[in-house]
Amino acid sequence: MKLFKKMRGGLSCDDVMEVLQSYLDGETDTETARKVASHLDECTDCDLESSVYQNIRVSLSTNKAPIDPVVLDSLRQFGERVSRGEID
Amino acid sequence: MTERPTEVDSPAASADATEAFNRYVIPELEVMYRTARSLTRNQTDAEDLVQDTLLRAFRAIERFDGRYPRAWLLTIMRNANINRARKKRPDLLDDPDLTFERSVDFAETTGPEELVVDPTFDASVTDAFAELSTDFRQVVELVDLNGLAYQEAADILGVPVGTVMSRLHRARKRIRDHLAEHGLDSAAALPRGATR
């Protein structure tokens, strides 16, 4: 149990944990994003937690299954034929 | 779908429709295909779903106001996917969410060659990802792998945006807990050097 809450950037650590993932996804409003960024600049624990989540996101996107360019090109050609009214 | 002869008797698409389609739809092809792959978990079905979506989009392009083309296309794709699933499995009529249940595992589509940085960390993330339930894995795929916004993922899944957020955050928390169980949470956080 935490004996006290560190207030940084107008937010406690619990507040930051509540919105951290949305913040990293760019899904918070500007004011919240500013407060979280300010807190992370001053709080080592939360900054480390933020780094873990960022690395998870980077790892997941790195593991993105590649798209076969031939498939994509084939779909593009199909789309172009649709746009010309050749397929309906 | 029907192929028209490209010769003289082919009624040409209107120039406006063709232009709008090329402007709003074609640039979204990769996102559409990645999303279709997440929904169908099968390359052939994904290609068919994209083609179906392209045809539906073209029929509707002249009514499209040009705002949020990705959201518009993903809604079309969602409906097309539900219709396709209903044709294959009429018993799923009352539960479209079940249409997304598929058995192919992420680990089967991701080769070791994709693990480019910090393989221990990445391998652990991949293991944890593969252990997620279908609902959780799907939102992670749509947001983290395919780059969709929360609202876009909600639209394609037909669930509230709060559901996407809840599933996504809990899924990542499970991955994070898996890393902690393997001693990779704090140690691995620093070397990669991801920036805010």
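Scoring rules and cut-offs
- Residues numbered from 1 in each chain as written.
- Chains lettered and ligands numbered in written order.
- Predicted model: local features only at pLDDT ≥ 70, side-chain atom pairs only at ≥ 80, totals over all residues.
- Heavy atoms only, no water.
- Helix = DSSP H or I, 4+ residues; strand = E, 2+ residues; numbered from the N terminus.
- Contact = heavy atoms within 4.5 Å.
- Areas by Shrake-Rupley, 256 points an atom, 1.4 Å probe, with all protein chains shown as cover.
- Disulfide = S-S within 2.5 Å.
- Phe/Tyr/Trp six-rings, centres within 6.5 Å; stacked < 30°, edge-to-face > 60°.
- Core = buried A, V, L, I, M, F, W, Y, C linked by side-chain atoms within 4.5 Å.
- Buried < 20%, exposed > 50% of the residue type's maximum accessible area, 1.4 Å probe, protein only.
- Domains from an automatic or database assignment.
- Expected span 1.5 Å × (residues − 1).
- Axes fitted to C-alpha atoms, helices over the stretch in contact; angles between N-to-C directions.
- Parallel < 35°, antiparallel > 145°, perpendicular 65-115°, else oblique.
- Left-handed = near helix turned anticlockwise from the far one by under 90°.
- Nonpolar A, V, L, I, M, F, W, Y, C, P; charged D, E, K, R; others polar.

As for the overall build of chain A
Along the backbone of chain A there are four helices and two strands. Along chain A, helices (α) and strands (β) appear in the sequence β-β-α-α-α-α when read from the amino end. Taking the contacts inside chain A whose residues are at least 6 apart along the sequence as the reference set, 56% of them involve residues at least 24 apart. As presented, chain A carries roughly 4,500 Å² of accessible surface, and 50% of it is formed by carbon and sulfur atoms.

Quick word on the state of the cysteines
Counted by the stated rule, this structure contains zero disulfides over all chains. Between Cys 43 of chain A, a free cysteine, and Cys 46 of chain A, which holds the nearest cysteine sulfur, the sulfur-to-sulfur gap is 3.7 Å.

Here we look at the packing of aromatic side chains
Residues and elements named next belong to chain B. Evaluated as defined, the whole model comprises three aromatic pairs over all chains. Pairing Phe 21 with Phe 58 gives two aromatic rings, centres 5.4 Å apart and planes at 85 degrees, and the pair type is edge-to-face. Pair noted here: Phe 21 is in helix H1 (residues 15-24) and Phe 58 is in helix H3 (residues 43-60), with a separation of 37 residues, a long-range link. Between Tyr 24 and Phe 64 the ring centres are 5.4 Å apart and the planes differ by 85 degrees, which places this aromatic pair in the edge-to-face class.

Quick notes on the nonpolar core
The tendency in soluble globular proteins is for nonpolar side chains to be buried as a group. Counting 73 residues, the largest nonpolar core has Val 25, Val 50 and Trp 72 of chain B as its most contacted members. A per-element tally of this core places H3 of chain B first, with eight residues. Residues from two domains meet in this core; each of domain 1 (14-91) and domain 2 (105-196) of chain B gives at least three. In this structure, Val 50 of chain B is in contact with Leu 75 of chain A together with Leu 29, Met 32, Tyr 33, Ala 36 and Met 77 of chain B, ignoring residues within four places of it in sequence.

Observations concerning helix H2 (residues 29-40) of chain B
Taking 1.5 Å of rise per residue, the twelve residues of H2 of chain B would be expected to cover 16 Å, and the 16 Å separating its terminal C-alpha atoms lies within 8% of that figure. Of all twelve residues in H2 of chain B, eleven are buried; the element is thus mostly enclosed. Within H2 of chain B the residues assigned to the buried category are Leu 29, Val 31, Met 32, Tyr 33, Arg 34, Thr 35, Ala 36, Arg 37, Ser 38, Leu 39 and Thr 40 of chain B. At its buried positions, H2 of chain B is contacted by helix H4 (69-83) of chain A together with H3, helix H4 (69-88), helix H7 (134-145) and helix H8 (150-157) of chain B.

A word on the packing of H4 of chain B against H8 of chain B
Residue and element names in this part refer to chain B. Closest axis-to-axis distance for the H4/H8 pair is 8 Å, and the angle between their directions is 25 degrees. Between H4 and H8, the angle is such that the two are roughly parallel. Note on packing geometry: the crossing formed by H4 with H8 is right-handed. Seen from H4, the contacting residues are Arg 70, Ala 71, Leu 74, Thr 75, Met 77 and Arg 78; seen from H8, they are Glu 152, Asp 155, Ile 156 and Leu 157. Here the residues of the contact of H4 with H8 are counted per class, giving five nonpolar, one polar and four charged.

Remember, this is a structural readout, not a statement about activity or role.
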